[in-house]
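Results of the structural survey
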Amino acid sequence: MASDSGAPTGKVVTRFAPSPTGYLHIGGARTALFNWLFARHHGGRALLRIEDTDRKRSTQDAIDKIIDGLDWLGLDYDEPALFQSDRAERHAEVARRLLDNGHAYKCFATPEELEAMRAEQRAAKVPMRYDRRWRDRDPVEAPEGAPYVIRLKVPTEGETTIEDAVQGKVTVKNAEIDDYVLLRADGTPTYMLAVVVDDHDMGVTHVIRGDDHLNNAFRQLPIIRAMNAIEGGWPDPVYAHVPLIHGPDGAKMSKRHGAVGVEAYRDDEGILPEALFNYLLRLGWGHGDREEISREEAVALFDLSGVGKGPARFDIKKLQNLNGHYIREADDARLASIVAEKLGSSADEKLLAKAMPVLKPRAKSINELSEGSQFLFAKRPLEMTEKAAALLDDEARARLAELSKMLHLQNDWTIEALEATTKTYAEAQELGLGKLAQPMRAALTGTTTSPGIFDVLVLLGKEESLARIDAQASSPARSAQDA
Ligand code: GLU
């Protein structure tokens, strides 16, 4: 199916196999992205498997969040998601097949015996590992009806080598791999068995996942090879173990570094999906020094040889910069609808769309866009920031009153005309335009930062603009608190 270099020679099938833990971790999202890109790049199939065998953690809510996050990132799948918990019988069937063919055995060791074994190993300071005590024993030696688990008979001689498409050649001595449990005493499959059986049945050719699973590959391969010996048609998959994402301090990315769930980047950090897509792609994969890479380009360019061997460091600033880029590129109506949803009922989507061209050049997040657009919907009397209130001293108010008179007479409410009028007034007063613009901004927006002041006037319209200016021009100086 695949050549040694990891370059596929047949139809590529990848899978993303998250365990639902409450949210889609950004590390998981990157794994999902790499799998999806690899499949799309090769015209193969991208599959999704929900590893929900831990029934306590795998709530519907946790599953929905993962699917929602993948959907938001635009990662689509070629078949409905497969649920691992639905397949316990098939997993057990493979365990029994391994047992019947001498590649697995029944172990009758009781929990107490195993605890005693571990205590001895601890005391002797040897690696704690099942000592294979039932590997060569005859099951008839076990008490009648005694419960048993099925363990894999891992070869004890030789070594296993994986040509990992990211890590390179990795070799482990078979003696270091334990005869782990495939099927528990209650007949339920273990995770290790389930993964292998599902990958096979889904026709997965490339297993792309976090490098925290590299050790598992050495435990999973013996099942694959045993089944291949029994019935054929169980080729080794190509493995690609991708280094985990680290925080800026070099430790594995965790909550103390900030948000780790994709939904937090969407809902709290105001990141656009294409920005997170691009950022996660660049986090651990590179194509020269290209930073901005579109979805289409990513599909065209992605390969496993571009995945770095070292852990990538998460850098929120880079993500925000990319986000700023994608905000500037985004369609105004789309941004307006995202911002409107954030702002709730008060927002007028049409007005937001009209304001986007002047709001987006400076915004690095949807939050900044929302904040920047608040003035559009502010109710009179405007709430003033402390800085804005400080700008509106008696002198400034007097000027605003005079300017307002001129603006009331103005019928042509366009940027050019408003600028001309304001300039005329400023020149007559021998004032720099800035001296006038700042109190105007304070009166019109209640803040000291906003888009260009003439843009603000046009967006608010004549009536609302003058009402806001007049509210400040006619009133005596007020403090920020009682404004
Ligand atoms: N369910 C595992 C996880 O979420 C992934 C298993 C695999 O990719 O083989 O870490």
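Computed from a predicted model, the values in this text were never measured in an experiment. (Residues numbered from 1 in each chain as written. Predicted model: local features only at pLDDT ≥ 70, side-chain atom pairs only at ≥ 80, totals over all residues. Heavy atoms only, no water.)

Below, the discussion takes up the overall build of the chain. Helix and strand content of the chain: 18 helices and 12 strands. Taken over C-alpha atoms, the radius of gyration comes to 32 Å for the chain, far larger than the 23 Å a tight globule of 483 residues would show. Over its C-alpha atoms, taken along the principal directions, the chain stretches across nearly 105 × 50 × 40 Å. Out of the 483 residues in the chain, the part that is buried amounts to 48%. Across the chain, every contact between residues at least 6 apart in sequence was considered, and the portion connecting residues at least 24 apart equals 75%. In the structure as shown, the chain presents an accessible area of about 22,900 Å², 49% of it carried by carbon and sulfur atoms. A distance of 3 Å separates the average location of the 62 positive side-chain charges in the chain from that of its 76 negative side-chain charges. (Helix = DSSP H or I, 4+ residues; strand = E, 2+ residues; numbered from the N terminus. Rg over C-alpha atoms; globule rule 2.2 N^0.38 Å. Buried < 20%, exposed > 50% of the residue type's maximum accessible area, 1.4 Å probe, protein only. Contact = heavy atoms within 4.5 Å. Areas by Shrake-Rupley, 256 points an atom, 1.4 Å probe, with all protein chains shown as cover. Lys, Arg positive; Asp, Glu negative; His and termini not counted. Charge placed at Lys NZ, Arg CZ, Asp CG, Glu CD.)

The tally for this structure, following the rule as stated, stands at 7 aromatic pairs. Summarising the aromatic geometry, the rings of tyrosine 279 and phenylalanine 314 are spaced 5.3 Å apart at their centres and angled 90 degrees between planes, so their arrangement reads as edge-to-face. One end of the pair, tyrosine 279, is in helix H8 (residues 273-282); the other, phenylalanine 314, is in the loop between strand S12 (312-313) and helix H10 (316-329), and 35 residues separate them in sequence. With relative accessibility at 5%, the residue phenylalanine 314 sits in the buried group. Here the aromatic rings of tryptophan 285 and phenylalanine 302 are separated by 5.5 Å at their centres, their planes lie at 35 degrees, and the arrangement is tilted. Here the residue tryptophan 285 occupies a position in the loop between H8 and helix H9 (295-301), and phenylalanine 302 occupies one in the loop between H9 and S12, the gap between them amounting to 17 residues. For the residue pair tryptophan 285 and phenylalanine 302, the accessibility class agrees, reading buried in each case. Among the aromatic residues, those joined into a ring-pair cluster are Phe34, Trp285 and Phe302. Seen from the ring of tryptophan 134, arginine 137 lies directly overhead, with NZ or CZ sitting 3.8 Å from the centre. Of note, arginine 151 hangs over the ring of tyrosine 130, and the distance from its end group to the ring centre comes to 3.5 Å. (Phe/Tyr/Trp six-rings, centres within 6.5 Å; stacked < 30°, edge-to-face > 60°. Lys NZ or Arg CZ within 6 Å of the ring centre and 35° of its normal.)

Another aspect to go through is the environment of asparagine 323. Inspection of the secondary structure assignment puts asparagine 323 in helix H10. The class of asparagine 323 is buried, set by a relative accessible area of 0%. Residues asparagine 323 and glycine 270, 53 residues apart in the sequence, show an inter-C-alpha distance of 8.7 Å. With sequence-adjacent residues up to four places away left out, asparagine 323 is seen in contact with Gly270, Ile271, Leu272, Ala275, Lys364, Ser365 and Ile366.

Right, let's talk about the side chain of aspartate 164 for a bit. Summarising the element assignment, aspartate 164 is placed in strand S6 (residues 159-164). One buried charged side chain, aspartate 164, makes no salt bridge at all; its nearest oppositely charged neighbour is arginine 209, positioned 7.3 Å away. From its side chain, aspartate 164 meets the backbone nitrogen of valine 166 in a polar contact 2.8 Å long. Aspartate 164 has contacts with Leu214, Tyr239, Ala240 and His241, leaving out every residue within four places of it along the chain. (Salt bridge = Lys/Arg side-chain N within 4 Å of Asp/Glu carboxyl O. Polar contact = N/O pair within 3.5 Å; in protein donor to acceptor, adjacent residues only side chain to side chain.)

Once that is clear, we can look at the sheet that holds strand S8 (residues 181-183). Sheet strands associate in pairs through backbone hydrogen bonding, adopting either a parallel or an antiparallel arrangement. With respect to topology, 3 strands assemble into an open sheet ordered S4-S5-S8, the strand pairing being antiparallel. A strand with exactly one partner marks an edge of an open sheet, and here the two such strands are strand S4 (104-107) and S8. Neighbour-to-neighbour, the strand axes of this sheet turn through a mean angle of 45 degrees, independent of strand direction. Packing of helix H3 (residues 88-100) onto the sheet brings it into contact with S4, strand S5 (149-152) and S8, and relative to S8 it is tilted by some 120 degrees. (Pairing = 2+ DSSP bridges. Axes fitted to C-alpha atoms, helices over the stretch in contact; angles between N-to-C directions.)

Between H3 and helix H6 (residues 214-231), whose axes approach to 10 Å, the crossing angle comes to 70 degrees. Taken together, the axes of H3 and H6 are roughly perpendicular relative to one another. In the packing of H3 onto H6, the handedness of the crossing is left-handed. Taking contact as the criterion, the partners of Val94, Arg97 and Leu98 in H3 are, on H6, Ile223, Ala226, Met227, Ile230 and Glu231. For the contact of H3 with H6, the residue count by class is 6 nonpolar, no polar and 2 charged. (Parallel < 35°, antiparallel > 145°, perpendicular 65-115°, else oblique. Left-handed = near helix turned anticlockwise from the far one by under 90°. Nonpolar A, V, L, I, M, F, W, Y, C, P; charged D, E, K, R; others polar.)

The terminal C-alpha atoms of helix H17 (residues 433-445) lie 18 Å apart, and with 13 residues this matches the ideal 18 Å at 1.5 Å per residue to within 8%. Those residues of H17 not exposed but buried are Leu436, Ala437, Pro439, Met440, Arg441, Ala442, Ala443, Leu444 and Thr445. Looking at the buried side of H17, the elements it contacts are helix H13 (366-377), helix H14 (386-391), helix H15 (394-408), helix H16 (415-428) and helix H18 (453-473). (Expected span 1.5 Å × (residues − 1).)

Note: most residues except glycine have negative phi, and most peptide bonds are trans. The peptide bond linking arginine 380 to proline 381 adopts the cis configuration, its omega dihedral lying at -5 degrees. Here proline 381 lies in the loop between H13 and H14. Positive phi values are uncommon outside glycine, yet arginine 132 reaches one of about 65 degrees. Within the secondary structure layout, arginine 132 lies in the loop between helix H4 (111-124) and S5.

Arg15, Ala17, Pro18, Ser19, Glu51, Tyr191, Val195, Arg209 and His213 make up every residue found near the ligand. Arginine 15 places a side-chain nitrogen or oxygen 2.6 Å from an oxygen atom of the ligand. One of the side-chain N or O atoms of glutamate 51 is found 2.5 Å from a nitrogen atom in the ligand. Protein contacts shield 81% of the accessible area of the ligand, which totals 300 Å² for the unbound molecule. Taken together, the residues that form the shell around the ligand break down as 4 nonpolar, 2 polar and 3 charged. (Near = heavy atom within 4 Å.)

The subject of this paragraph is the confidence of the model for the chain. Residue-level pLDDT values for the chain average 93, and 96% of them are 70 or greater. Segment residues 1-8 is flagged for pLDDT under 50; beyond a separation of four residues in sequence, or across chains, it makes 17 contacts in the model. Between residues 477-483, whose pLDDT stays under 50, and residues either more than four places distant or in other chains, the model counts 14 contacts. (pLDDT = per-residue confidence, 0-100.)

Before going further, it helps to examine the pairing of strand S10 (residues 238-242). When you tally the buried positions in S10, you get 5 out of 5 residues, the bulk of the element. Because side chains alternate across S10, one face comprises the buried residues Val238, Ala240 and Val242, and the other comprises Tyr239 and His241, equally buried. Note: strand S9 (residues 206-210) against S10, 5 bridges, orientation parallel. Paired with histidine 206 across the strands is valine 238, a residue of S10. Handedness of the crossover is the feature at issue here: the chain leaves S9, passes through H6, returns alongside S10, and the resulting connection is right-handed. (Right-handed = clockwise from strand over helix to strand, strands pointing away.)

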